[in-house]
There are 2 protein chains.
Amino acid sequence: MTYCVGILVREGLVMLGDTRTNAGLDNIATFRKLTVLEEPGERVIMLATAGNLSISQSVMTLLTEGIETEAGMRKTLMDVESMFEAAGLVGEAIRRVYGTYGEALQQQSMSFDVTFLIGGQIKDRRLRLFQVYAAGNFIEATQDTPYFQIGEHKYGKPILDRSISYEVELLDALKLALISMDSTLRSNLSVGLPVDVAACRRDELKAAVSYRIAPDEPYFRDLRERWSKALRQAHLAIPRPPWIE
Amino acid sequence: MTYCVGILVREGLVMLGDTRTNAGLDNIATFRKLTVLEEPGERVIMLATAGNLSISQSVMTLLTEGIETEAGMRKTLMDVESMFEAAGLVGEAIRRVYGTYGEALQQQSMSFDVTFLIGGQIKDRRLRLFQVYAAGNFIEATQDTPYFQIGEHKYGKPILDRSISYEVELLDALKLALISMDSTLRSNLSVGLPVDVAACRRDELKAAVSYRIAPDEPYFRDLRERWSKALRQAHLAIPRPPWIE
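Each chain carries its own residue numbering, running from 1 in the written order of its sequence. As a convention, the first chain written is A and the first ligand written is 1, with the rest following in written order. Given that the model is predicted, a residue must reach a pLDDT of at least 70 before its local features are reported, and side-chain atom pairs must reach 80 or more before they are shown or counted; all residues, however, enter totals for whole chains, interfaces and linings. Hydrogens and water molecules were not included; the side-chain quantities draw on all heavy atoms of the structure.

### Considering the pairing of strand 2 (residues 12-18) of chain B
All names here are of chain B. Heads up, the condition is: Accessibility here uses a 1.4 Å probe with only protein chains present; expressed as a share of the type maximum, an area under 20% marks a residue as buried, one over 50% as exposed, and anything in between as partly exposed. By the criteria applied, helices consist of DSSP H or I runs no shorter than four residues and strands consist of E runs no shorter than two, each listed in order from the N terminus. What makes two strands pair is DSSP finding at least two bridges between them.
With seven of seven residues buried, strand 2 is to be regarded as a mostly interior element. Here strand 2 shows two buried faces, one formed by Gly-12, Val-14, Leu-16 and Asp-18 and the other by Leu-13, Met-15 and Gly-17. For strand 1 (residues 3-9) and strand 2, the ladder comprises six bridges, and the chain directions are antiparallel. Across the sheet, Val-5 pairs through a bridge with Leu-16, a residue of strand 2. Counted along the chain from strand 1 to the antiparallel partner strand 2, the turn is two residues long. In this sheet, strand 13 (residues 195-201) lies alongside strand 2 in antiparallel orientation, the contact comprising seven bridges. Within strand 13, the residue paired with Gly-12 across the bridge is Arg-201.

This is the structure:
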């Protein structure tokens, strides 16, 4: 399993991804699922992925080495001119991988399971966040619904549903994403540390952070402890129900 | 969908159930899923159910009208001598309903989907909590794992994972169950108010509360508001990450 989340706020964009993969409970490994592509001053693009690792790795390779165009050129995410084109290129790469492996996966009764988040900004274009599905189609985050989750999304959703809005500050959005990740880490063993974090501020065209949180990282450990303690205090502070003897 | 939770603590037992059923998003109704059977001073038994409504209603009818025994008698949950026997009777009722409808459901490509929570105390026997599966087999809550959830369990699990232990006071367990229900109500439209609440104190052999929370119930509305506010304050109080520019 996997948990990745992308949050678009007025101030910028945050993306988080865990690193645990598993082929059964007895076969667990660590693979990066969050990638930052950067050409400071020109573009910053973040990708997160969930689903079948062989599919997502093939898609990532196509996106970085280039997809052959009709003109015989190779187009990568460093070549696209807008985030809309970038999301389309992810979709195109997914369809190419489906073209190669789709039928064989079906023969093995494996589903073609892959989802991407792609967000970022290119030159003077808008900062945008997209979720790309297995058919290569995609949706965009809006001010009404400014975040997307992929993978094991349920455990970490309540805190986002309660607290995220487009007007939340970037660093608060990052803290909320970390709290959401913490809830997921606690409840689903197939989501695991390290956790990769990336964020950028609108119009800066570079990553404000691209960081790996290791299992013993002091800030995240402190955040988890503070959060647990605050929740305990919060429920203790709620009055007792009047309708019980 | 459904969300029910049962929590066994040293002081007693809490059970909560929502009331929304649906046959598709466009066909929603209200049905009680939490039932309290009581003979004060002798027994208090609480049942909660998730899954196919026609199956769970048939099981409940068998349990209250009686399952025919080999001796030609009818045995109900008011006749059993222990909670272990009660859980076994639920299992037996489920298997009887499977005997009647199992094959026909299969012919309609419907799964035989039903789960029960049953908890309570009979005379001088122990207060116990069980989860009964579709095959009639069951597991019991322990001091290590003192709660069970059935139905849509993921949204409401993080708060329980963080805060519930066997030593939590009964009224705090009840508040935590309500917070867990609130998270689920917010994130899954197929779980809905009213919410039924039941609790009993160990060795009192009667319900301490058996109450329906309507959509406009003031205590639950206040709890939801206080909780949201406390979470907002809690994440704002966490320091900002040191590894971002």
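Back to the text.
### Thoughts on the side chain of Thr-76 of chain B
Residue and element names in this part refer to chain B. Applicable threshold: Any N or O atom pair separated by 3.5 Å or less is treated as a polar contact, with the protein-specific requirement of one donor-capable and one acceptor-capable atom, and with residues adjacent in sequence counted only for side-chain atom pairs. Here, two residues are considered to be in contact whenever any of their heavy atoms come within 4.5 Å of each other.
Considering the arrangement of structural elements, one finds Thr-76 in the loop between strand 8 (74-75) and helix 2 (83-107). Here the side chain of Thr-76 touches Met-78 through a polar contact of 3.0 Å, landing on its backbone nitrogen. Other than its neighbours up to four places away in sequence, Thr-76 contacts Leu-63, Thr-64, Glu-65, Gly-66 and Leu-89.

### Observations concerning the interface of chain B and chain A
A common measure of how large an interface is: the accessible area buried when the components associate. Counted only if it meets this: By buried area we mean the combined loss of accessible area, with a 1.4 Å probe, across both parts when two parts are placed together. Should a side-chain nitrogen of Lys or Arg be within 4 Å of a carboxyl oxygen of Asp or Glu, the pair is scored as a salt bridge.
Each partner contributes to the interface: chain B provides 52 residues, whereas chain A provides 52 residues. Taken over both partners, the interface formed by chain B and chain A buries close to 4,800 Å², and the fraction arising from carbon and sulfur atoms is 63%. Connecting chain B to chain A are eight salt bridges. In this structure, Arg-240 of chain A engages Asp-172 of chain B in a salt bridge whose closest nitrogen and oxygen atoms are separated by 3.8 Å.

### Examining the sheet that holds strand 1 (residues 3-8) of chain A
All names here are of chain A. The condition that has to hold: To define axes, lines are fitted to C-alpha atoms, for helices over the stretch in contact only, and angles between the resulting N-to-C directions are given on a 0 to 180 degree scale.
Within the open sheet, the five strands sit side by side as 12-1-2-13-14. Their pairing is antiparallel. In this open sheet, the two strands that pair with only one neighbour each are strand 12 (147-151) and strand 14 (207-213). Strand after strand, the sheet turns through a mean of 5° between neighbouring axes, direction not considered. Note: strand 13 (residues 195-201) against strand 14, six bridges, orientation antiparallel. Each bridged residue has a counterpart across the sheet, and for Asp-196 the counterpart in strand 14 is Arg-212. Those strands touched by helix 4 (residues 170-187) are strand 1, strand 2 (12-18), strand 12, strand 13 and strand 14, and its axis lies near 20° from that of strand 2.

### Observations regarding the relation of the copies chain B and chain A
The line we're drawing: Residues below a pLDDT of 70 in either copy are left out; the C-alpha atoms of the rest, at least 70 in both, set the least-squares superposition of the copies.
By a simple turn and slide, chain B fits onto chain A: the slide is 0.0 Å along the axis, the RMSD is 0.0 Å, and the turn is 180°. Taken together, the turn and the small shift mark the pair as related by a two-fold rotation axis. Among all residues of chain B, the minimum C-alpha distance to the rotation axis is found for Tyr-155 of chain B, at 2.5 Å. When the interface residues of chain B are mapped onto chain A, 100% of them again fall at the interface, so both copies present the same face.

### Section: the state of the cysteines
Applicable threshold: Criterion for a disulfide: a pair of cysteine sulfur atoms within 2.5 Å.
Applying the stated criterion across every chain, the model contains zero disulfides over all chains. Not part of a disulfide, Cys-200 of chain A finds its nearest cysteine sulfur in Cys-4 of chain A, a span of 16 Å.

### Looking at the packing of aromatic side chains
Put simply, the rule reads: Centres within 6.5 Å make a pair out of two Phe, Tyr or Trp rings, where for Trp the six-membered ring is used; the pair is then stacked when the planes are under 30 degrees apart, edge-to-face when over 60, and tilted otherwise.
For the structure shown, the criterion picks out 12 aromatic pairs over all chains. Ring geometry for Tyr-211 of chain A versus Trp-243 of chain B: centroids 4.5 Å apart, planes at 15°, classification stacked. With one member in each of two chains, Tyr-211 of chain A in strand 14 and Trp-243 of chain B in the segment after helix 5 (218-237) form a pair that bridges those chains. Its relative accessible area of 26% is what places Tyr-211 of chain A among the partly exposed residues. A relative accessible area of 14% places Trp-243 of chain B in the buried class. On the basis of an interplanar angle of 70° and a centroid distance of 6.5 Å, the ring pair of Phe-84 of chain B and Phe-130 of chain B is categorised as edge-to-face. Residue Phe-84 of chain B is found in helix 2, and its partner Phe-130 of chain B is found in strand 10 (residues 128-132); the two are separated by 46 residues along the sequence. For Phe-84 of chain B, a relative accessible area of 48% gives the class partly exposed. An aromatic cluster of three or more residues is present, and its members are Phe-84, Phe-130 and Phe-138 of chain A.

### Points about the side chain of Asp-182 of chain A
Within the fold, Asp-182 of chain A resides in helix 4. Overall, Asp-182 of chain A belongs to the buried group, its relative accessible area being 0%. A distance of 2.5 Å separates polar atoms of two side chains, one belonging to Asp-182 of chain A and the other to Arg-224 of chain A. Ignoring any residue separated from it by four or fewer positions in sequence, one finds Asp-182 of chain A in contact with Phe-220 and Arg-224 of chain A together with Arg-162 of chain B.

### Regarding empty space enclosed by the protein
Condition: Grid spacing is 1 Å over the protein atoms alone, the probe is 1.4 Å, and a cavity is where that probe fits but cannot get out, while a pocket is an open set with protein on both sides within 12 Å along at least five of seven lines and lining residues have an atom within 4 Å of a point. Grid points are joined across faces, edges and corners, and a volume is the space filled by probe spheres set on the points. Nonpolar residues are Ala, Val, Leu, Ile, Met, Phe, Trp, Tyr, Cys and Pro. Charged residues are Asp, Glu, Lys and Arg, and all others, Gly as well, are polar.
For the structure on display, the rule yields one cavity of 30 Å³ or more. Looking at the largest cavity, it is lined by 15 residues, and the ones nearest its centre are Pro-158, Ile-159 and Ser-183 of chain A together with Pro-158 and Ile-159 of chain B. Breaking the lining of the largest cavity down by element, the ones donating at least two residues are helix 3 (157-163) and helix 5 (218-237) of chain A together with helix 3 (157-163) and helix 5 of chain B. Considering only residue class, the lining of the largest cavity consists of 10 nonpolar, three polar and two charged.

### As for the pattern of salt bridges
One side chain can pair with another of opposite charge once the charged atoms of both are near each other. The tally for this structure, following the rule as stated, stands at 44 salt bridges over all chains. Where Glu-140 of chain B meets Arg-126 of chain B, a salt bridge forms, and the shortest distance between an N and an O atom there is 3.7 Å. Note that Glu-140 of chain B is positioned in strand 11 (residues 138-140) and Arg-126 of chain B in the loop between strand 9 (114-122) and strand 10, a separation of 14 residues in sequence. One network of salt bridges, in which partners are shared, links Arg-162 of chain A together with Asp-182, Arg-186 and Arg-224 of chain B.

### So, the pairing of strand 5 (residues 34-39) of chain B
All names here are of chain B. Sheet topology places strand 5 next to strand 6 (residues 43-51); six bridges connect them, and they run antiparallel. Residue pairing in the sheet places Val-36 in a bridge with Met-46 of strand 6. As consecutive antiparallel partners, strand 5 and strand 6 are separated by three residues, and within that stretch Gly-41 has a phi angle of approximately 90°, a positive value.

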